[in-house]
Amino acid sequence: MAAPSCIFCKIIRQEIPSAIIKENQAAIAIKDISPRAPVHYLIIPKIHIESVAHMSDTEATVAAQMLILARDIAADAGIVGFNLITNNGASAGQSVMHMHVHFLAGKDIYEHGLSL
Ligand code: AMP
Ligand code: ZN
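The model shown is predicted, which means the values in this text are computed figures rather than measured ones.

## Considerations on the nonpolar core
Here is step 1: Val39, Ile43, Met66, Leu69, Ile73, Ile79 and Phe103 are the most contacted members of the largest nonpolar core, which totals 18 residues.
Here is step 2: Among the secondary structure elements, those contributing two or more residues to this core are strand S2 (27-31), strand S3 (39-45), helix H2 (60-77) and strand S5 (101-105).
Here is step 3: At six residues, the largest contribution of residues to this core is made by H2.
Here is step 4: Aside from chain neighbours lying at most four places away, what touches isoleucine 43 is Ala27, Ile28, Ala29, Met66, Leu69, Ala70, Met99, His100, Val101 and Phe103.

Written out as structure tokens, the structure is:
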């Protein structure tokens, strides 16, 4: 279900502009408006799901399509190293309450101490 006031739903409905990189049946990738890496895209499901925590079992097919889109973007651009990050919940840094994956490349995101 679309959420009328959700900024990412508005982007998907093309009510507000965005720089679209690629899309597939279930997800769209756009440039982040405030990039924190040389390549910083957002992979956004076309249906409104608030976060991974709110995703139903059926909607998990959308998550697979989001990863497929990330794979295809990397392949298209010849990007061999990239990070996919999903913030879930305000306490984990989520500011737009429509599930999305940050696609980051060209930056060592571990340079300041985070180690996974
Ligand atoms: P998060 O903090 O994980 O919820 O990430 C939300 C991201 O959305 C941030 O990196 C913002 O820079 C980005 N963002 C917010 N509004 C827009 C917009 N209109 N177009 C593109 N990216 C946006
Ligand atoms: Zn939404």
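## Focus on the side chain of histidine 40
Here is step 1: With respect to the helices, strands and loops of the structure, histidine 40 is situated in strand S3.
Here is step 2: In this structure, histidine 40 is in contact with Ile30, Lys31, Asp32, Ser34, Pro35, His102, Phe103 and Leu104, ignoring residues within four places of it in sequence.

## A look at the environment of valine 80
Here is step 1: Within the fold, valine 80 resides in the loop between H2 and strand S4 (83-85).
Here is step 2: Taking C-alpha positions, valine 80 is 21 Å from isoleucine 28, a pair spaced 52 residues apart along the chain.

Criteria and cut-off values
Residue numbers run consecutively from 1 along every chain, following the written order of its sequence. As a convention, the first chain written is A and the first ligand written is 1, with the rest following in written order. Under the rules for a predicted model, residues below a pLDDT of 70 receive no local features and side-chain atom pairs below 80 are neither given nor counted, while totals for whole chains, interfaces and linings still include all residues. Calculation of side-chain values draws on the structure's entire complement of heavy atoms; hydrogens and water are dropped beforehand. Throughout, nonpolar core names a set of buried Ala, Val, Leu, Ile, Met, Phe, Trp, Tyr and Cys residues whose side chains join them through atoms within 4.5 Å. The buried label applies to any residue whose accessible area, calculated with a 1.4 Å probe on protein chains only, is under 20% of its type's maximum; exposed applies above 50%, and partly exposed to all values in between. Where helices and strands are cited, they refer to DSSP runs of H or I of at least four residues and of E of at least two residues respectively, numbered from the N terminus. A contact between two residues is defined here by any heavy atoms of the two lying within 4.5 Å.

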